[in-house]
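# Summary of the model geometry
Chain residues, written in single-letter form:
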Amino acid sequence: MLEQSKIDKITSDLLGSIRLNKSFMIWMGFLGVSLFVCLGAYVKQLTDGLVVTGLGDYVSWGMYLSNFVFFVATSLIGMLISAILGLSGAKWAAPLARIAEIIALAFAAVAGLVIVSDMGRPDRLLNVFIHGRVQSPIVWDITVVTGYVLISALFLYIPLIPDLKICSEKLDKIPPFQRKIYKILSLNWNGTLEQEKLLKQSTRMLAILIIPVAMAIHTVTSWLFASTPRAGWDSTIMGPYFVTGAFVSGSAAVIIAMYFYRKNYKLQDYITDFHFDKMGKLLVLVSLIYLYFNLNEYMVPGYKMKKFDAIHLNNLFIGGHAVMFWMVQIFGLIIPIILLLFKKMRKPLPMLLIGIAVLIGAWFKRYIIVIPTMEHPFLPIQNVPLHFKVYTPTGIEILVSIAPLILVLIIITLLSKVIPIIPIHETIEQLEEKH
Amino acid sequence: MSEQEEKPKKKTRREFLQQLGIVGIGSVLGSSAILAGINYDKKKTEGQRIRILTAENELLEIEKSDATPVVKTKYENLTYLQKQGRDGIEGKRFVMVIDLSKCQNARKCMSACQNAHHLRPEQHHINVLKMEETENTPPFYMPKPCQHCDNPPCVSVCPVDATFKRQDGIVLIDNERCIGCRFCIAACPYSARVFNWAEPLHAQEDADKTYDVELNVPQKKGTISKCLFSADQVRLGKLPYCVSACPNGVYYFGDENEDAVTNGTTKETVRFRKLLADNGGYTLMPELGTKPRVYYLPPKGKEVPFQEKDRDEAAEHLSHS
């Protein structure tokens, strides 16, 4: 048995983040004001129409769509860390599971809003439910993304139940209503064997269930593109190409979150260099797989250079999008892989910087997937203004695209202020097993 | 206690409703009797018989005095137009043939179309493209409407059935239902669709008009617009706007089932399949399996040469590869 003093220390350490301090207020204030500005831009778009964006009849999907793909992609990490690593018995990932789930939930929930910002008639959103047609990938996407948000929420909540009990008992200086909410949400948890068993079983069931759903959300998102005949999208590997790419951006997001949670909430004893080292290795692994898919996606058509593939690829390799394309491949993928092979680079600070580079690369990668293809349709673009031929996002578009990121940060911050971001119950349990 | 109090209340309510019902039925009966009386009077005085065609396509003969003009509300009209627009015209399979050897880039088709559908200058349901397919093959002008595919990728991807394929082969867009996701634009290999990015051109003038899905007017902000094969004209037995506007005899339009197409300029009607067979007719990008209903005759032996000033624009698309 573990000494009570040790348990108490763990509990108080991990509950330490749940308090509202000055820096939290400043940070939230900053996020709130930024969100307000971005919403102003969206109101402008609502009144004037999508004409305020850089979109046109040829490049009719732009930054909003690539942003949507990025958000769905990043949300997949919850499934990788909590479900796949958890089920395969990788114990090291247990303290990171909740961070991954918070990221998954935040990104997936906000992805739904991103896609609404792209709609010409958001007021008719309900038409999708009233007149929805099974054969449209958009309907599949809405179904699976909603499903993933729900399952992710459950997957966050159920392992949280014992911790909520701890919160209601051990947290001092919280208002009574908050204590009451913890108590209600903890569903009378008292740690009996039967309850423990139930918790284990349901967590395991969700872990299994979430894998196909997570695969589905990004596969279906890739089919929004792969179901069209356009050069650059008309590819059979789009599904796995997107899913593997998703793990890259998601891992980077978790690494960044780990760094800041650890630093701000003084969790150095719980998120250790060991965890960063492991996450670094995981990032190398998923990046290598993604690199392999990139090779297939670009080299195979590049070897044949069929008429329209050639137009598309020339544009990426040496044409208008070449700088972005190569920056993404080199700084977002190849250099991070090489750097992370060295142990010295898998320390917290270098990992943070690499994580940021990878995440930015991942965002631009989605841009590269969506926009260049639209700029080169099969038939020539003629008799239209120049801005229909070359897509340049407008300021309003950029603001509306930043809004979801701010929302994600708000959700991540808020959640970390009401629940322990490292599972207390599991940490104690794992220590007890060791003894 | 409370139940006892409730009871009498309920009774009075029921009684009230009963009375209301009697009054209602009475007034309906009364007014219909008055109406019948008036009609009877009219019949006596006039006694003329007329023929009317019902919505179900039945020809009936009735007393003229019995016929009252139906003044429908805007909403009723919309429902009717929507149903008619989605049903299409039974027994027809519309096709278009575009003779590229005749096209001189007069662009009368484009302006007629934009006028009819209240489009902005950069919005093209039909677009005359300057084409050059390889370096050594001659350039040519190619009018490009929606191909009204029999296997339309745009219809497959639409999440709300806003764009649909009718029994007569025409692909339409219902801008009362469109959510503006633009998946159809992404899916269309012919770049045939346009979007109302801003408030449409005649938004204010058209505000009171009932939406006709066969004309797609009034256009609506945030929704798709596309070539409709002039479904409204075709319903009247007329040729599409672009076809009748062409001064150079480029367009033929007709019914595949009848195997007859009519030239919009000369009004000459010819056999559809023979026209294709004799002139090497083809469709655009047949390898995509979209099965277009728009056929092209090759730009062979052009009477008017391709304008030198258009050459650069034609070559632009080619130079990318």
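Residue indices follow the written sequence of each chain, beginning from 1 at its first position. Each chain is given a letter, starting from A, and each ligand a number, starting from 1, according to the order in which they appear as written. Confidence filtering applies because this is a predicted model: local features only for residues at pLDDT of at least 70, side-chain atom pairs given and counted only at 80 or more, and all residues used for totals across whole chains, interfaces and linings. Processing note: side-chain calculations cover all non-hydrogen atoms of the structure and skip hydrogens and water entirely.

## Some thoughts on the overall build of chain B
Stated formally: A run of H or I in DSSP counts as a helix once it spans at least four residues, and a run of E counts as a strand once it spans at least two, with each numbered from the N terminus. The cut-offs for exposure are 20% and 50% of the maximum accessible area for each residue type, with area from a 1.4 Å probe on protein chains only; residues under the lower value are buried, those over the upper are exposed, and the others partly exposed. The contact criterion used throughout is that any non-hydrogen atoms of two residues lie within 4.5 Å. Accessible surface is estimated by sampling points in the Shrake-Rupley manner with a 1.4 Å probe; for residues, cover comes only from the protein chains shown.
Counting secondary structure elements, chain B contains nine helices and 13 strands. In chain B, buried positions account for 48% of the 321 residues. Look at the contacts in chain B between residues 6 or more apart in sequence, and 60% of them connect residues 24 or more apart. Carbon together with sulfur atoms contributes 54% to the accessible area of chain B, which is approximately 16,700 Å² in total.

## Quick look at the overall build of chain A
Which entries qualify depends on this criterion: Here the globule rule reads 2.2 Å times residues to the power 0.38, and the radius of gyration is calculated from C-alpha atoms.
Of regular secondary structure, chain A possesses 18 helices and zero strands. Scaling as 2.2 N^0.38, a compact globule of 435 residues should have a C-alpha radius of gyration of about 22 Å, and chain A matches this with 23 Å. The principal-axis extent of the C-alpha atoms belonging to chain A is close to 75 × 50 × 40 Å. Considering chain A as a whole, with its 435 residues, one finds that 58% of them fall into the buried category.

## Some remarks on the packing of helix α5 (residues 97–117) of chain A against helix α7 (residues 137–157) of chain A
In helix packing, the relevant descriptors are the interaxial angle and the interaxial distance, both defined with respect to the helix axes. Residues and elements named next belong to chain A. The condition that has to hold: Axis geometry follows a simple rule: fit a line to the C-alpha atoms, using only the stretch in contact for helices, then measure angles between N-to-C directions, giving values from 0 to 180 degrees. These descriptions rest on fixed angle ranges, namely under 35 degrees for roughly parallel, over 145 for roughly antiparallel, 65 to 115 for roughly perpendicular, and the rest for oblique. By definition, any crossing whose near helix is turned counterclockwise from its far helix by less than a right angle is left-handed, and any crossing with a clockwise turn is right-handed. When residues are grouped by polarity, Ala, Val, Leu, Ile, Met, Phe, Trp, Tyr, Cys and Pro land in nonpolar, Asp, Glu, Lys and Arg in charged, and all others, Gly among them, in polar.
For the pair α5 and α7, the least separation of the axes is 9 Å and the interaxial angle reads 150°. Regarding the angle of α5 to α7, the classification is roughly antiparallel. Remark: the crossing between α5 and α7 carries left-handed chirality. Of the residues in α7, those touching α5 at R98, E101, I102, A104, L105, A108 and A109 are V145, Y148, V149, S152, A153, F155 and L156. Looking at the contact of α5 with α7 residue by residue, the class counts come to eleven nonpolar, one polar and two charged.

## Describing a nonpolar patch on the surface
We count it as follows: Each patch is built from residues that are more than 30% exposed by relative accessible area and take part in no salt bridge. Like charges join if they lie within 9 Å; nonpolar side chains (Val, Leu, Ile, Met, Phe, Trp, Tyr) join within 5 Å. Any Lys or Arg side-chain nitrogen located within 4 Å of an Asp or Glu carboxyl oxygen qualifies as a salt bridge.
A cluster of nonpolar residues, V323(A), W326(A), M327(A), I330(A), F331(A), I334(A), I335(A), I338(A), L341(A) and F342(A), forms a patch on the protein surface that exposes about 970 Å² of accessible area. Examined against the element boundaries, F342(A) turns out to sit in the loop between α14 (322–340) and α15 (348–375).

## Topic: the interface of chain B and chain A
By convention, interface size is frequently given as the accessible area that disappears when the constituent parts associate. Quick note on the threshold: Once two parts are put together, the accessible area they lose, assessed with a 1.4 Å probe and summed over both, is termed the buried area. Throughout this description, a polar contact denotes any pair of N or O atoms lying within 3.5 Å of each other; where both atoms belong to protein, one of them has to be capable of donating a hydrogen while the other can accept it, and for residues adjacent in sequence the pair is counted only when both atoms sit in side chains.
Counting residues at the interface gives 53 residues for chain B, matched by 49 residues for chain A. Buried area between chain B and chain A, both sides added, is near 4,200 Å², and the carbon and sulfur share of it is 56%. Per-residue buried area on chain B facing chain A is highest for F183(B), W197(B) and H317(B); these three make up 18% of the total on that side. For the pair chain B and chain A, the interface holds two salt bridges. A salt bridge links R133(A) to D161(B); the shortest N-O distance between them is 3.6 Å. Our enumeration of links across chain B and chain A arrives at 28 residue pairs in polar contact (both at pLDDT 80 or more). Of the residues forming the side of chain B that touches chain A, the biggest block, five residues, is contributed by strand β4 (residues 127–131) of chain B.

## A few points about unusual backbone geometry
Residues and elements named next belong to chain B. Look at the link from V217 to P218: it is a cis peptide, with omega at -5°. Within the secondary structure layout, P218 lies in the loop between β8 (193–195) and β9 (224–226). In the Ramachandran plot, H118 falls in the positive-phi region, its phi being about 55° despite a non-glycine side chain. Within the secondary structure, H118 is located in the loop between α3 (108–117) and β4. Classification of H118 as buried rests on a relative accessible area of 16%. One non-glycine residue, R182, lies in positive phi territory at about 65°. For R182, a relative accessible area of 1% gives the class buried.

## Some words on the pairing of strand β5 (residues 140–144) of chain B
Residues and elements named next belong to chain B. Let me state the cut-off plainly: Any two strands with at least two DSSP bridges between them are considered paired.
With respect to burial, β5 is a largely interior element, five of its five residues being buried. Pairing of β4 with β5 involves five bridges; the strand directions are antiparallel. Paired with K130 across the two strands is Y141, which belongs to β5.

## Some details on the sheet that holds strand β12 (residues 269–271) of chain B
Two modes of strand pairing occur in sheets, parallel and antiparallel, and in both the strands are linked by backbone hydrogen bonds. Residues and elements named next belong to chain B. With mixed pairing, five strands are arranged side by side in an open sheet as β12-β11-β10-β3-β13. Whereas interior strands pair on both sides, the edge strands pair on one side only; in this sheet they are β12 and β13 (294–297). Between one strand axis and the next, the sheet turns by 30° as a mean value, whatever way the strands run. Relative to strand β11 (residues 260–263), strand β10 (residues 251–255) is paired through four bridges, and the arrangement is antiparallel. Directly across from D255, in β11, lies its bridge partner A260.

## Comments concerning the confidence of the model for chain B
Heads up, the rule is: Every residue is assigned a pLDDT by the predictor, reflecting its confidence on a scale from 0 to 100.
Averaged over all residues, the pLDDT of chain B equals 87, while 84% of them reach at least 70. Low pLDDT (under 50) marks residues 1–7 of chain B, which in the prediction has zero contacts with non-local residues, meaning those over four places away or in another chain.

## Some details on the layout of surface pockets
In this approach, a probe sized like a water molecule rolls over the atoms, and the result shows the empty space that is left. Residue and element names in this part refer to chain A. Quick note on the threshold: With a 1 Å grid spanning the protein atoms alone, the term cavity applies to any set of points in which a 1.4 Å probe fits but cannot get out, the term pocket to an open set with protein on both sides within 12 Å along at least five of seven lines, and the term lining residue to any residue with an atom within 4 Å of a point. Grid points are joined across faces, edges and corners, and a volume is the space filled by probe spheres set on the points.
Estimated volume of the largest pocket: approximately 1,100 Å³. Per-element tally for the lining of the largest pocket: the top contributor is helix α17 (residues 395–418), with nine residues. Looking at the lining of the largest pocket residue by residue, the class counts come to 23 nonpolar, nine polar and four charged. In terms of lining, the second largest pocket is formed by 28 residues, of which the most central are S82, G86, K200, T203 and E426. Sorting the residues of the lining of the second largest pocket by element identifies α4 (77–87), α5, α7, α10 (193–226) and α18 (424–434) as the ones contributing at least two each. Here the lining of the second largest pocket gets six residues from one element, more than from any other, and that element is α10.

## Focus on the packing of helix α12 (residues 273–304) of chain A against α14(A)
Residues and elements named next belong to chain A. One can describe the packing of α12 onto α14 by two numbers: an axis separation of 9 Å at closest approach and a directional angle of 140°. One element, α12, and the other, α14, form an angle in the oblique class. α14 is crossed by α12, and the crossing has left-handed handedness. Here α12 contributes G280, L283, V284, S287, L288, Y290, L291, N294 and Y298 to the contact with α14, which in turn contributes F325, Q329, L333, I334, I337 and L340.

## Topic: the packing of aromatic side chains
Basically, it comes down to this: Only centres within 6.5 Å qualify two rings of Phe, Tyr or Trp (six-membered ring in Trp) as a pair; their planes then separate them into stacked at under 30 degrees, edge-to-face at over 60, and tilted for everything else.
As enumerated under the stated definition, the model contains 30 aromatic pairs over all chains in all. Measuring from centroid to centroid gives 5.3 Å for W61(A) and F183(B), while their planes differ by 40°, and the two rings are tilted. Of this pair, W61(A) sits in the loop between α2 (22–48) and α3 (63–75) while F183(B) is found in helix α5 (residues 183–187), placing the two residues in two different chains. We note that W61(A), like F183(B), is buried.

## Re the environment of V33(A)
All names here are of chain A. Its location among the elements puts V33 in helix α2. Among the residues examined, V33 registers a relative accessible area of 56% and is labelled exposed. In this structure, the C-alpha to C-alpha distance between V33 and H131, residues 98 residues apart in sequence, is 38 Å.

## As for a positive patch on the surface
Rules: None of His or the chain ends enter the tally, which takes Lys and Arg as positive and Asp and Glu as negative. The atoms used to mark charge sites are NZ of Lys, CZ of Arg, CG of Asp and CD of Glu.
Judged by side-chain charge, R19(A), K173(A), K263(A) and K266(A) come together as a positively charged surface patch. Structurally, R19(A) is set in the loop between α1 (4–15) and α2.

## Observations regarding the side chain of T74(A)
Its place among the elements puts T74(A) in helix α3. Discounting residues that sit within four places of it in the chain, T74(A) has contacts with I103(A), F107(A), S249(A), G250(A) and A253(A).

## Considerations on the environment of S244(B)
Residue and element names in this part refer to chain B. With respect to the helices and strands, the residue S244 is situated in helix α7 (residues 241–245). Sequence-wise, S244 and M96 are 148 residues apart; in three dimensions their C-alpha atoms are separated by 12 Å. Among residues more than four places away in sequence, those in contact with S244 are L239, G264 and K267.

## A look at the pattern of salt bridges
Pairing of side chains with opposite charge becomes possible as their charged atoms draw close. Residue and element names in this part refer to chain B. Counted by the stated rule, this structure contains 38 salt bridges over all chains. Between D99 and K102 there is a salt bridge, and its shortest N-O distance comes to 3.2 Å. K165 is paired through a salt bridge with D150; the nearest N and O atoms lie 3.0 Å apart. With a gap of 15 residues between them, K165 in strand β6 (residues 163–165) and D150 in the loop between β5 and α4 (153–157) connect regions that are remote in the sequence.

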